[in-house]
Amino acid sequence: MRSPSLAPGLKVGLLGGSFNPAHEGHLHITRMCLRTLGLDRVWWLVSPGNPLKPEKDMAPYEDRFASAQKMARDPRIVVSGIEKELGTRYTADTLAALADRFADVNFVWLMGADNMLQFPKWRNWRGITEMVPIAVYPRPGYTLKARLSPVATMLRECTLDTADAALLPAMAAPALVFLSGPETGQSATQIRQAGGWA
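In this convention, every chain numbers its residues from 1, walking through the sequence in written order. Selection of residues for local features in this predicted model requires a pLDDT of at least 70, selection of side-chain atom pairs for listing and counting requires 80 or more, and totals for whole chains, interfaces and linings are taken over all residues. With hydrogens and water excluded, all non-hydrogen atoms of the structure serve as input to the side-chain values.

A.B. asks: Would you take a moment to explain unusual backbone geometry for this structure?
C.D. replies: Backbone phi values are negative for most residues with the exception of glycine, while trans is the configuration of most peptide bonds. The omega torsion across Asn-20 and Pro-21 is 5°, close enough to zero to call that bond cis. The omega angle of the peptide bond from Ala-173 to Pro-174 is 0°, so this bond is cis rather than trans. One non-glycine residue, Phe-19, lies in the positive phi region at around 50°. Positive phi is not limited to glycine here, since Asn-124 has a value of about 55°.

Put into structure tokens, the structure is as follows:
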């Protein structure tokens with residue numbers, strides 16, 4: 001896949017995930033991040049395989065990629081297969097490659113409050129905090145827990161007030177902000193359990 005051309009200085013959010021399948025919740029949080037952070041684009045990084053998720057319920061990559069393309073109903077969203085192209089499965093490796101390839105782009109990692117609690121399980125998670133600013137979007141039942149998490153405590157000195165979220169893309173890592181806005185409870189797991197992903 002040809003990598004999208006990016007002009008120097010562009011502010012690009014990175015939303016990684018299995019997209020198994022993509023759903024309205026992905027679109028909702030993406031538009032929240034675009035607005036609140038003042039991003040120019042958001043890339044949906046469709047993972048070839050999430051090391052923390054079981055493979056038995058995982059649809060083929062091509063189907064997941066197609067579901068993301070169908071759901072990305074905003075011209076500022078780029079559905080990207082760059083992880084498959086790069087051969088990376090771990091976020092730290094993907095971010096290192098992107099920083100090398102697009103050195104003049106201001107990337108922001110977009111993470112749900114639920115993932116913030118799992119973050120210490122990620123490979124080289126401390127390295128990730130040093131590579132890219134992180135924005136945490138609210139998730140039902142996890143938002144307060146994320147704010148009180150060990151990772152949040154570690155990054156307290158470099159955490160922006162929510163009202164200053166638009167400053168994040170121009171900041172050097174480590175930098176963190178917790179976003180506020182309407183929470184969406186929709187999940188790919190619920191869709192699969194309800195038989196909505198054939």
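Back to the write-up after that little detour.
A.B. asks: Looking at this model, I keep getting lost on the layout of surface pockets. Mind explaining?
C.D. replies: Here the idea is plain: a probe the size of a water molecule rolls over the atoms and shows the empty space left. Both cavities and pockets are sets of points on a 1 Å grid over the protein atoms alone; in a cavity a 1.4 Å probe fits but cannot get out, in a pocket the set is open with protein on both sides within 12 Å along at least five of seven lines, and lining residues sit with an atom within 4 Å of a point. Grid points are joined across faces, edges and corners, and a volume is the space filled by probe spheres set on the points. In this model, the second largest pocket occupies a volume close to 210 Å³. Val-105, Phe-107, Met-131, Val-132 and Pro-133 are the residues nearest the centre of the second largest pocket, which is lined by 16 residues in total. Only DSSP runs of H or I with at least four residues qualify as helices, and only runs of E with at least two residues qualify as strands; both kinds are numbered from the N terminus onward. For the lining of the second largest pocket, the secondary structure elements donating two or more residues are α4 (91-101) and β4 (106-112). Here the lining of the second largest pocket takes three residues from α4, the largest share from any one element. Residues are sorted three ways: Asp, Glu, Lys and Arg are charged, Ala, Val, Leu, Ile, Met, Phe, Trp, Tyr, Cys and Pro are nonpolar, and all the rest, Gly among them, are polar. Looking at the lining of the second largest pocket residue by residue, the classes come out as 15 nonpolar, one polar and no charged.

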